[in-house]
Amino acid sequence: FQIHIVDSTTYSMVYGYAVIEAAEKAKKGAPVNEIIAFVEDWVHSAHVYFATYDLKFAKKSGRVSAVAAFVGELMGLKPILTFDHGKSKVLGKVRGEKAVIPDLIKRAKAEMTPNTPYYILSGDKPEKTEELVKECKKALGGEPQGVYPIGAVISINAGPQVVAVVVKGSQNSN
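Reading the values: rules and limits
- Residues numbered from 1 in each chain as written.
- Predicted model: local features only at pLDDT ≥ 70, side-chain atom pairs only at ≥ 80, totals over all residues.
- Heavy atoms only, no water.
- Patch = residues over 30% accessible without salt bridge, like charges linked within 9 Å, V, L, I, M, F, W, Y side chains within 5 Å.
- Areas by Shrake-Rupley, 256 points an atom, 1.4 Å probe, with all protein chains shown as cover.
- Salt bridge = Lys/Arg side-chain N within 4 Å of Asp/Glu carboxyl O.
- Helix = DSSP H or I, 4+ residues; strand = E, 2+ residues; numbered from the N terminus.
- Expected span 1.5 Å × (residues − 1).
- Buried < 20%, exposed > 50% of the residue type's maximum accessible area, 1.4 Å probe, protein only.
- Contact = heavy atoms within 4.5 Å.
- Polar contact = N/O pair within 3.5 Å; in protein donor to acceptor, adjacent residues only side chain to side chain.
- Pairing = 2+ DSSP bridges.

(A) Highlighting a nonpolar patch on the surface. Together, Phe1, Ile3 and Ile5 make up an exposed nonpolar region whose accessible area comes to about 510 Å². With respect to the helices and strands, Phe1 occurs in the segment before α1 (13–27).

(B) Spatial organisation of α1. With 15 residues, α1 should reach 21 Å at 1.5 Å per residue; the first-to-last C-alpha distance of 20 Å fits that figure. Taken together, the buried positions of α1 are Met13, Val14, Gly16, Tyr17, Ala18 and Ala22. For α1, the elements touching its buried residues are α2 (32–45), β1 (46–52), β4 (118–122), β5 (147–149) and β6 (162–168).

(C) Broad picture of the side chain of Thr116. With respect to the helices and strands, Thr116 occurs in the loop between α5 (100–111) and β4. Polar contacts involving the side chain of Thr116 include one to the main-chain carbonyl oxygen of Thr113, which spans 2.6 Å.

(D) Structural context of the pairing of β6. With seven of seven residues buried, β6 is to be regarded as a mostly interior element. Neither face of β6 is exposed, since Val162, Ala164, Val166 and Lys168 on one face and Val163, Val165 and Val167 on the opposite face are all buried. In this structure, β1 lies alongside β6, joined through seven bridges in antiparallel fashion. Each residue of the ladder has a partner; that of His47, found in β6, is Val167. For β4 and β6, the ladder comprises five bridges, and the chain directions are antiparallel. Residue pairing across strands places Tyr119 opposite Val166, the latter belonging to β6.

Function cannot be inferred from these measures alone, as they are strictly geometric.
Shown next, in the form of structure tokens:
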């Protein structure tokens, strides 16, 4: 029995997808080195873009100051985030809920390697998840590999009202 450790430097289904796919490969008899190569490639090239519709949890976690959260809520600002070296990072802000999904898709499409799988992470806004799936099908070509619930780390830092898209892109420095 051998254990192979791969540091994903990320959270939840960003690496969970690779684990599921690795288990499927193992079940089909793929060699260990092929499975490890797949997992390492995925975790080093997966890009997650997520947005929160409520700044309350970002404020509570200390990711956003109370003043910034107050002003952001008044102005209808929604942060667009990613993970960088295991930490959440604000990539930008959009104004209003209607701008969130187009911005996520624009970022995902710009980074996505053509003809690779992508998937959606879903929080407590099922209508926004459905909209993201619909728009991703058009923009990214085809069905998402899956729609998964957000994990605890994203919920704690960004709150439950989150949507995200995860794509395979170029190798990142995560």
